[in-house]
Amino acid sequence: MKRFFIIGIMYWCLSPLYAQNIISGRVLSAEDAKPLSNAIIHNDELHLKYKTGYDGNFHIDISKKDNLTLVVSAPGHVPGVLQPRLGNNFYEIYLHKVKGHLEEFVITAVSSLKLKRSVSSHIVNKAADLQSNNSTNIIDALTINPSISQITTGGSVSKPVIRGLGYNRVVVAKNGIRQEDQQWGEEHGIQIDANDVDRIEILNGPSTLLFGSDALGGVINISTEKRIFKDTVHGKLFSQYQTNNGLGEIAFTQEGRLRNLLWDVSLSTLNARNYTNKYDGRVFNTAFENRNFSGTLGYQYTWGTTHLFMSGFHQKTGINNGERDENGRFTRKDAFGETIPLSDKVLTLYQIFYPYQKLSHYMIHLKQDILLGRHKVKLNLAYQRNNRRELEHINRMNQLLLQTCNYDLKYHLPDFDRWKVTLGINGMFQKNNSLAGAILIPNHHFLDVGGLIHVMKTFKKLHLEGGLRYDTRGLHSISEGGALTRLKHRFDAMSGSAGFSYTLWPTLIFKANYARGFRAPSLIELTVSGDHIGANRFELGNPDLHSETNHQIDIGSLYDNKSLHIELSTFYNRIHGFIFSRRMVDLAGLPEKRNGYEVFQYYQNDAQLYGWEILCNFHPEGLSWLQWNNSLGLVKGQFIQAKVTAQRYIPRIPATKWRSELQIKFDRWGHFIKKTFLKLGYVRYFAQNEVFSAYNTETPTPTYGILHAGIGTTFTDKKGKELFELYILGDNLLNVVYQSHLDRYKYIGINPITGRQGMFNMGRNITFKLVIPLKIL
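Residues numbered from 1 in each chain as written. Predicted model: local features only at pLDDT ≥ 70, side-chain atom pairs only at ≥ 80, totals over all residues. Heavy atoms only, no water.

**Section: the overall build of the protein**
What counts, and what does not: Comment: elements are numbered from the N terminus, with helices defined as DSSP H or I runs of at least four residues and strands as E runs of at least two. The globule rule used here is 2.2 Å times the number of residues to the 0.38 power, and the radius of gyration it is set against is calculated over C-alpha atoms. Relative accessible area decides the class of each residue, using a 1.4 Å probe on protein chains only: under 20% of the type maximum gives buried, over 50% gives exposed, and in between gives partly exposed. Throughout, a residue-residue contact means that at least one pair of heavy atoms, one from each residue, lies within 4.5 Å. With residues, only the protein chains shown are counted as cover, and all accessible areas are computed by Shrake-Rupley using a 1.4 Å probe. All tallies of charge rest on Lys and Arg as positive and Asp and Glu as negative; His and the ends of each chain are not included. The atom standing in for a charge is NZ when the residue is Lys, CZ when it is Arg, CG when it is Asp and CD when it is Glu.
Each helix and strand in the protein was counted, giving five helices and 45 strands. At 27 Å, the protein has a C-alpha radius of gyration in line with the 28 Å of a compact globule built from 777 residues. Viewed in the frame of its principal axes, the protein has a C-alpha envelope of about 85 × 65 × 60 Å. Every one of the 777 residues in the protein was classed for burial, and the buried ones make up 57%. Restricting the contact set of the protein to residue pairs at least 6 apart, pairs at least 24 apart contribute 65%. Total accessible area on the protein is roughly 33200 Å²; 59% of this is exposed by carbon and sulfur atoms. Here the protein contributes 89 positive and 68 negative side-chain charges, whose respective centroids are spaced 4 Å apart.

**Here we look at the pairing of strand β10 (residues 122-126)**
The condition is simple: We treat two strands as partners when DSSP finds at least two bridges between them.
Counting buried positions along β10 yields four of five residues, so the element is predominantly enclosed. When β10 meets strand β15 (residues 199-203), the two strands line up antiparallel, connected through five bridges. Within β15, the position partnered with Ile123 by the bridge is Ile202.

**Regarding the sheet that holds strand β16 (residues 218-223)**
The strand order across the open sheet built from five strands is β10-β15-β16-β13-β14, with neighbouring strands paired in mixed fashion. Every other strand in the sheet has two partners, leaving β10 and β14 (177-178) as the edge strands with one partner each. In this sheet, β14 lies alongside strand β13 (residues 170-174) in antiparallel orientation, the contact comprising two bridges. Of the residues in β14, the one forming a bridge with Ala173 is Arg178.

**Some thoughts on the confidence of the model for the protein**
Basically, it comes down to this: Confidence scores labelled pLDDT are given residue by residue by the predictor and lie between 0 and 100.
Summing up the model confidence of the protein, the mean pLDDT is 86 and the portion of residues at 70 or higher is 91%. Of all the helices and strands in the protein, helix α1 (residues 2-18) carries the lowest mean pLDDT, 42, while strand β20 (residues 276-277) carries the highest, 97.

**Regarding the side chain of Ser149**
Mapped onto the elements, Ser149 comes out in strand β11 (residues 148-153). On the accessibility criterion, Ser149 (15% relative accessible area) is buried. If sequence neighbours within four positions are ignored, Ser149 has contacts with Thr143, Lys159, Pro160, Val161, Pro654 and Leu742.

**Examining the packing of aromatic side chains**
Our working rule: Aromatic pairs are defined between Phe, Tyr and Trp rings, using the six-membered ring for Trp, whenever the two ring centres lie within 6.5 Å; interplanar angles under 30 degrees are classed as stacked, those over 60 as edge-to-face, and all others as tilted.
Within the structure shown, the criterion is met by 16 aromatic pairs. Aromatic side chains Phe284 and Phe353 sit 5.7 Å apart centroid to centroid with 40 degrees between the ring planes, which places their arrangement in the tilted category. Of this pair, Phe284 sits in the loop between β21 (281-282) and β22 (288-301) while Phe353 sits in the loop between α4 (344-347) and β26 (356-372), and the two are 69 residues apart along the sequence. Judged by its relative accessible area of 10%, Phe353 falls in the buried class. Taking the centre distance of 5.0 Å and the plane angle of 20 degrees together, the rings of Tyr685 and Tyr704 count as stacked.

**Concerning unusual backbone geometry**
Residues other than glycine predominantly adopt negative phi, and peptide bonds predominantly adopt the trans conformation. In this structure, Pro355 follows Tyr354 across a cis peptide bond, with omega equal to -5 degrees. Structurally, Pro355 can be placed in the loop between α4 and β26. Although it is not a glycine, Asn595 sits at a positive phi angle of roughly 55 degrees. Structurally, Asn595 can be placed in the loop between β38 (593-594) and β39 (597-618). Note on Asn595: relative accessible area 60%, which makes it exposed.

**Regarding the pairing of strand β40 (residues 626-639)**
Across a regular strand the side chains alternate sides, sitting on one face of the sheet and then on the other. Examined bridge by bridge, β39 and β40 share 12 bridges and lie antiparallel to one another. Its bridge partner lying in β40, Ala607 is registered against Phe639. Across eight bridges, β40 lies against strand β41 (residues 657-669) in antiparallel orientation. Paired with Gln627 across the bridge in β41 is Gln663.

**As for the side chain of Asn732**
Put simply, the test is: Within 3.5 Å is the distance limit for a polar contact, defined as a pair of N or O atoms, with the added protein rule that one can donate a hydrogen and the other accept it, and that residues adjacent in sequence qualify only through two side-chain atoms.
Looking at where Asn732 falls in the secondary structure, it is placed in the loop between β44 (722-731) and β45 (765-775). Looking at Asn732, its side chain comes within polar contact range of the main-chain oxygen of Met762, at 3.2 Å.

**Some points on the pattern of salt bridges**
When the charged atoms of two side chains with opposite charge come close together, those side chains can pair. This is how it is decided: Take a side-chain nitrogen of Lys or Arg and a carboxyl oxygen of Asp or Glu: if they are within 4 Å of each other, that pair is a salt bridge.
Taken as a whole and judged by the stated rule, the model has 30 salt bridges. The residue Arg163 makes a salt bridge to Glu613 at a minimum N-O spacing of 3.1 Å. Linking Arg163 in the loop between β12 (157-162) and β13 with Glu613 in strand β39, this pair joins segments that are 450 residues apart in sequence. Each member of the pair, Arg163 together with Glu613, is buried.

**Details of the environment of Lys488**
Mapped onto the elements of the fold, Lys488 is located in strand β32 (residues 488-505). Residue classification places Lys488 among the exposed positions, given a relative accessible area of 68%. Between the C-alpha atom of Lys488 and that of Tyr299, which follows or precedes it by 189 residues, the distance is 43 Å. Residues in contact with Lys488, not counting those within four places in the same chain, are Leu475 and His476.

**Brief notes about the nonpolar core**
Nonpolar side chains tend toward joint burial in soluble globular proteins. Here is the rule: Definition of nonpolar core: a set of buried residues of the types Ala, Val, Leu, Ile, Met, Phe, Trp, Tyr and Cys, connected through side-chain atoms within 4.5 Å.
Within the largest apolar cluster, 19 residues are counted, with the highest numbers of intra-cluster contacts made by Leu475, Phe491, Leu526 and Val528. Those elements that place two or more of their residues in this core are β32 and α5 (523-527). The leading source of residues in this core is α5, at three residues. Not counting the four nearest positions on each side in its chain, Leu475 is found in contact with His444, His445, Phe446, Leu487, Lys488, His489, Phe491, Leu523 and Leu526. With 17 residues, the next largest nonpolar core counts Ile139, Ala141, Ile162 and Ile202 among its residues.

**Here's the deal with the environment of Ser29**
Position of Ser29 relative to the elements: it lies in strand β1 (residues 21-29). Among the residues examined, Ser29 registers a relative accessible area of 2% and is labelled buried. Residues Ser29 and His96, 67 residues apart in the sequence, show an inter-C-alpha distance of 6.1 Å. For Ser29, the contacting residues outside a window of four places in its chain are Lys34, Leu36, His77, Tyr94, Leu95 and Lys97.

**A few points about the environment of Thr52**
By secondary structure assignment, the location of Thr52 is in the loop between β3 (48-51) and β4 (57-62). On the basis of relative accessibility, which here comes to 3%, the residue Thr52 falls in the buried class. Discounting chain neighbours no more than four positions away, the residues touching Thr52 are Val27, Leu36, Ser37, Asn38, Ala39, Ile41, Asn57 and Phe58. In terms of polar contacts, Thr52 uses its side chain to reach the backbone carbonyl oxygen of Leu36, at 2.9 Å. A polar contact of 2.9 Å, which involves the side chain of Thr52, links it to the backbone nitrogen of Ala39.

Given below as structure tokens:
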């Protein structure tokens, strides 16, 4: 009896914590009031995901109804929003059939809003979009977007460029936390596994305030949070093979949710050998390998959710220094420094030779969402450990260990008359140490602190959005090395933005915004002095550099009717104190060299960038299976005070890119095939003649075009159960020989037989992908 009494007391005390309210309703078609089965109702904050039954009904267990937004979607219908209110437990939701471009929702760190009403340029790529395209890494996959380019080093390393700005001017975040993996270098790629990605959000304008300073170009926020149905456990086996470089990959992912406990795990392994093209044959030391893991453990309470993210990224990638013998064959040096020409057999191996990079990145991230009535609090804490080793030969290695502690706290005030206000503080503490080899930059640490306010207001036709933030960074070197032995700096600035979108007609929206940002110079820009093995050059810093500040104006419009979707966005970005590096020359005008490497030094000048992007997607009414997508992205960059043409243009400005793709889709094809697509596309990169040609720093790039095609489908059994997905994707089908304007290998080495400078990009490449779903529960 005593035992039952104690259990009864415990249940009475704890039951308020687990008390649930049931909200019910039906999802119906607005045109004929018929119920919509398999409609999805979800909320990312509480990780709710429910599906309607055959009669369109749903029942959701939830205790916090006030100030909560649920997104409702169904195939072939425009998504809607459900905002439960106290005192109401039954809702009828009517969704309209798609008559034009399917309306999407963008999930930001502030709220959910319709993508087309966002005041700034937003692009959302889902995991399925990336899977149906050919790529060798996660940034390579994003170049399908008109505003995104990449600085490449072989097939493994890609750095994102948004509207002509890259390096530290683009913030890459993972689940809202800034990824810190020595992103200042040209040859430093993004160390995130593509198999772990759920969706990727690319944004400019006011939303960049949420991620801190530096985002003069924009933000790429990579989300790995999965939307998982309650009481389900499933996974998939993924494999791919690429014919050009023999890339082979196997990945396993599993995700599940049992009552309030949710989790996911991802494991992957990848190997690729040297890629090939018609001019170079197999390009020596472009082989690479990845070994990655990630996992999430979460729990949903009646008052919020807790998530713990863990990940480890490991990559080994070769570095090609462009050395060849008198016959034009690639060479390498053995352990004794002797030059060895490479045979065709060696070049076909998966072996990685000296010099190479060995990279490891670990992250552990705690995310806590708290709902307190109409109040919301979001807390993020993370620790990152990045170990970068560059090995020139067996007795020479440079090693950097970067450790970062991130913090982010945001408080969302209760909505008041459609006003949404967010207050926040975020930043990081970072420490970077040289563990081996020459000290390229001094050991140092810095502390970032930033406070912000972000405001949104929605009227019937007008949506307003803006914010202010203040950042300060204290930078302190703690050892000898680099151009300076001691350095102590403080950089601070105010940033802000304001914008609006206005719905002129149901089919036409106009939007504009203004933003001011700032970026403190990195320690390598201030102090570097020495051989940078990975970059194949000797680098010199400049201790007199000051912060970059910018003023940017964006103006855009969106037209969307039953058959046509058009987006136009134009921008002007003026940057005070733009930091760049250029080649140094001696008195004879020849490249200056130290320790066998060409010398590059950092400088600063005022600059302006401007350009536009156009999206034009045609989907004829009545022909839902046909879609023709087109995009065009153009950016120009100039130094304002340049007196000679050779120094007028900003280095590393991407070429104008036009992309056109015709796609045919079938929901069902026979009894055993569904979700089939066929596509044929062409990407044209126009000549880039506006280059920083002074001191032979940069050379023009001619026009070239790439043809691609693909097919993908899902095979089912007689009952409609999915058995596997199969994709066959072809890139550079005409085997065009080209050099991308932003490819670093364009400038490394000269072939003595042909006289051509640098190496060329990958030739024809066919990719086979197989995805096997694993449903456990």
